[in-house]
Amino acid sequence: MSPPVAPPGWSRWLVPPAALSVHLSIGQAYAWSVFKPPLESALGLSGTQSALPFQLGIVMLGLSAAFGGTLVERNGPRWAMTVALICFSSGFLLSALGASLEQYWLIVLGYGFVGGIGLGIGYISPVSTLIKWFPDRPGMATGIAIMGFGGGALIASPWSAQMLESFGSDSSGIALAFLVHGLSYAVFMLLGVLLVRVPRHAPEARGTARQAPTGPQVSAKQALRTPQFWLLWIVLCMNVTAGIGILEKAAPMITDFFADTSTPVSVTAAAGFVALLSAANMAGRIGWSSTSDLIGRKNIYRVYLGVGAAMYALIALFGDSSKPLFVLCALVILSFYGGGFATVPAYLKDLFGTYQVGAIHGRLLTAWSTAGVLGPLIVNWIADRQEEAGRHGASLYGLSFVIMIGLLVVGFVANELVRPVDPRHHVPAPKEAAHVQREQSESA
């Protein structure tokens, strides 16, 4: 499939909606916590077990983004969006079959493995294209698209809760909800496949003449040999682990926190909390990433990691005594979580240039794979052990929150150590085209 080139006069503002149609769909992953209690009840699963499809999905997201990044760069966004559509929708259909037959391994295979591949390819599909369309505002451009991934649960969470209420929360009701998801998202993602275009020529930044890329230009292979890549890997991993620890268990977590109070949280309110987190996740992706265009990438990550640690500390100390405080701190953490994802492509562009930024971004998302295991594992495993020890309520999460604070501090230190890439890693401008061709042939 050849990348579709924009005809003369094509508006670059048509590209973000194409990206959003894919990202809003695959962003359903952030509403997984709505399915956790019904699955645990219908199939007799523990909290750790019910998190497995989500965890595997995030692992496959990072791995497929890493290994597919070069293919996406070579084949273009339409190819990538098509692959994402097929895998993501097929994952839901397999999960529907698994729920219908009460075979949990099929849900893990479908949602986690097959759907996770769709997550990864779909996530990186528009990034490089958007940076090329918007060289003057890379943070804003990637923030618009990646905002959709954060906002997917804003739609999916209440929609899923309503379907489970209408269809029932037993295995057959869950199966029907999965089936509706798979078919609906296939149609919606198709809009992005049909609409996306790549620029005929890289558009110039407003007020400047069109010229060859300036600044450092580093290949994906060479980027892996730089300390900057691995420092950013740590930064992203720590920020994601801290955010995803709340997000994956959001609905049961807020229920547990206030179960022993005079104002317990209902199932409907818990689903609403998930939707609020999705809104914060979405707003952070466009708001904080746009802010990074003004104050710089390193400074904005100082906010994500430093203030994020303070928010976790407030929840750990006072969260169970004030519902507004708990919700506010969680919203701030999730806005930083989303902002971190949306800012990192522009951070990579600043350090490594636009040369192979899509492929470098794909490789960096292996940090998300690691965090997708660490965050839910820390929160769910500790909560399960605390429950076995007879504890309940907010005490199920105290230790895991302390661990999250420590991880954010590690990320803060890693961000402070980021420096410009040594010129020995740069690709000489006259050799860029030949170098790209050689690397692509080697990866084929």
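Residues numbered from 1 in each chain as written. Predicted model: local features only at pLDDT ≥ 70, side-chain atom pairs only at ≥ 80, totals over all residues. Heavy atoms only, no water.

(A) Quick peek at the overall build of the protein. Within the protein, the regular secondary structure consists of 19 helices and zero strands. On C-alpha atoms alone, the protein measures out to a radius of gyration of 21 Å, which is about the 22 Å that the 2.2 N^0.38 rule sets for 444 residues. Based on the C-alpha atoms only, the size of the protein along its principal axes is roughly 65 × 45 × 35 Å. The buried share of the protein, taken over its 444 residues, is 57%. Looking at the protein alone, contacts between residues at least 24 apart form 85% of all its contacts between residues at least 6 apart. For the protein, the computed accessible surface area is about 16600 Å², with 67% contributed by carbon and sulfur atoms. (Helix = DSSP H or I, 4+ residues; strand = E, 2+ residues; numbered from the N terminus. Rg over C-alpha atoms; globule rule 2.2 N^0.38 Å. Buried < 20%, exposed > 50% of the residue type's maximum accessible area, 1.4 Å probe, protein only. Contact = heavy atoms within 4.5 Å. Areas by Shrake-Rupley, 256 points an atom, 1.4 Å probe, with all protein chains shown as cover.)

(B) Spotlight on the packing of helix α4 (residues 52-75) against helix α6 (residues 104-124). Relative to each other, α4 and α6 sit at 35°, their axes nearing to 6 Å. Considering the relative orientation of α4 and α6, their crossing is right-handed. Where α4 approaches α6, its residues Leu 52, Pro 53, Phe 54, Leu 56, Gly 57, Met 60, Leu 61, Ser 64, Ala 65, Gly 68, Gly 69 and Val 72 are matched on the opposing element by Tyr 104, Ile 107, Val 108, Tyr 111, Gly 112, Phe 113, Gly 116, Ile 117, Leu 119, Gly 120, Ile 121 and Ile 124. When grouped by side-chain class, the residues that make up the contact of α4 with α6 number 17 nonpolar, seven polar and no charged. (Axes fitted to C-alpha atoms, helices over the stretch in contact; angles between N-to-C directions. Left-handed = near helix turned anticlockwise from the far one by under 90°. Nonpolar A, V, L, I, M, F, W, Y, C, P; charged D, E, K, R; others polar.)

(C) Seen up close, unusual backbone geometry. In this structure, Glu 102 takes a positive phi of about 55° despite not being glycine. Along the chain, the position of Glu 102 falls in the loop between α5 (77-101) and α6. For Glu 102, a relative accessible area of 47% gives the class partly exposed.

(D) Geometry of the pattern of salt bridges. In the structure shown here, the tally under the stated rule is six salt bridges. The closest approach of N and O atoms between Arg 424 and Asp 422, which form a salt bridge, is 3.8 Å. With relative accessibility at 65%, the residue Arg 424 sits in the exposed group. Among the ionic contacts, a cluster of salt bridges with common partners joins Asp 293, Arg 297 and Asp 350. (Salt bridge = Lys/Arg side-chain N within 4 Å of Asp/Glu carboxyl O.)

(E) Main features of helix α18 (residues 398-416). In this model, α18 (19 residues) spans 28 Å end to end at C-alpha, consistent with the 27 Å of a helix rising 1.5 Å per residue. Taken together, the buried positions of α18 are Ser 400, Phe 401, Met 404, Leu 407, Leu 408, Gly 411, Ala 414 and Asn 415. With its buried residues spanning 125° around the axis, α18 presents them on a single face. Against the buried residues of α18 lie α11 (227-247), α12 (250-257), α14 (297-318), α15 (323-352) and α17 (366-388). (Expected span 1.5 Å × (residues − 1). Arc of directions from axis to C-beta.)

(F) The environment of Gly 120, seen in detail. Looking at where Gly 120 falls in the secondary structure, it is placed in helix α6. Of the residues examined, Gly 120 reaches a relative accessible area of 0% and is grouped as buried. Through-space distance from the C-alpha of Gly 120 to that of Asn 299 is 28 Å; in sequence the pair is 179 residues apart. Those residues within four positions of Gly 120 in sequence are excluded, and the remaining contacts are Leu 61, Ser 64 and Ala 65.

(G) Structural view of the packing of aromatic side chains. If you walk through the whole model with that rule in mind, you get 32 aromatic pairs. With a centroid separation of 6.3 Å and 0° between ring planes, the pair formed by Trp 32 and Phe 178 is classed as stacked. Of this pair, Trp 32 sits in the loop between α1 (15-26) and α2 (36-43) while Phe 178 sits in helix α9 (residues 171-195); the two residues are 146 residues apart in sequence, bridging distant segments of the chain. Take Trp 32 and Phe 178: they sit in the same class, and that class is buried. The rings of Trp 32, Phe 35, Phe 88, Phe 92, Tyr 111, Trp 159, Phe 178 and Tyr 185 are connected pair by pair, giving a single aromatic cluster. Sitting over the ring of Phe 258, Lys 323 keeps its end group 5.5 Å from the ring centre. (Phe/Tyr/Trp six-rings, centres within 6.5 Å; stacked < 30°, edge-to-face > 60°. Lys NZ or Arg CZ within 6 Å of the ring centre and 35° of its normal.)

(H) Fine view of α14. Between the first and last C-alpha of α14 there are 31 Å, a value that for 22 residues agrees with the 32 Å anticipated at 1.5 Å per step. Among the residues of α14, Arg 297, Lys 298, Ile 300, Tyr 301, Tyr 304, Leu 305, Gly 308, Ala 309, Met 311, Tyr 312 and Ile 315 are the ones counted as buried.

(I) The arrangement of the environment of Gly 353 in detail. When you line up the elements, Gly 353 lands in the loop between α15 and α16 (357-364). We classify Gly 353 as buried; its relative accessible area is 5%. Here the alpha-carbon distance between Gly 353 and Val 218, two residues 135 residues apart in the chain, equals 6.4 Å. Once you skip the residues sitting within four places of it in the chain, Gly 353 turns out to touch Pro 216, Gln 217 and Leu 348.

(J) Expanded view of the confidence of the model for the protein. Predicted confidence across the protein gives a mean pLDDT of 86, with 92% of residues reaching 70 or more. Contacts of residues 204-212 to residues separated by more than four positions or lying in other chains number ten contacts, the stretch itself having pLDDT below 50. Confidence drops under pLDDT 50 across residues 439-444; counting only partners more than four residues distant or on other chains, this segment forms ten contacts. (pLDDT = per-residue confidence, 0-100.)

(K) Region of interest: the packing of α1 against α6. The contact between α1 and α6 brings their axes to 9 Å, and the two run at 150°. With respect to their mutual orientation, α1 and α6 come out roughly antiparallel. For the element pair α1 and α6, the recorded crossing hand is left-handed. From α1, Val 22, His 23 and Ile 26 reach across to α6, where they touch Gly 118, Leu 119, Gly 122 and Tyr 123. (Parallel < 35°, antiparallel > 145°, perpendicular 65-115°, else oblique.)

(L) View of the side chain of Arg 197. Tracing the chain through its elements places Arg 197 in the loop between α9 and α10 (220-223). We classify Arg 197 as buried; its relative accessible area is 18%. Within the local environment of Arg 197, its side chain forms a polar contact with the backbone oxygen of Leu 195, the two atoms lying 3.3 Å apart. Apart from residues lying up to four places away in sequence, Arg 197 is in contact with Pro 4, Val 5, Ala 6, Pro 7, Trp 10, Val 15, Arg 78, Thr 129 and Trp 133. (Polar contact = N/O pair within 3.5 Å; in protein donor to acceptor, adjacent residues only side chain to side chain.)

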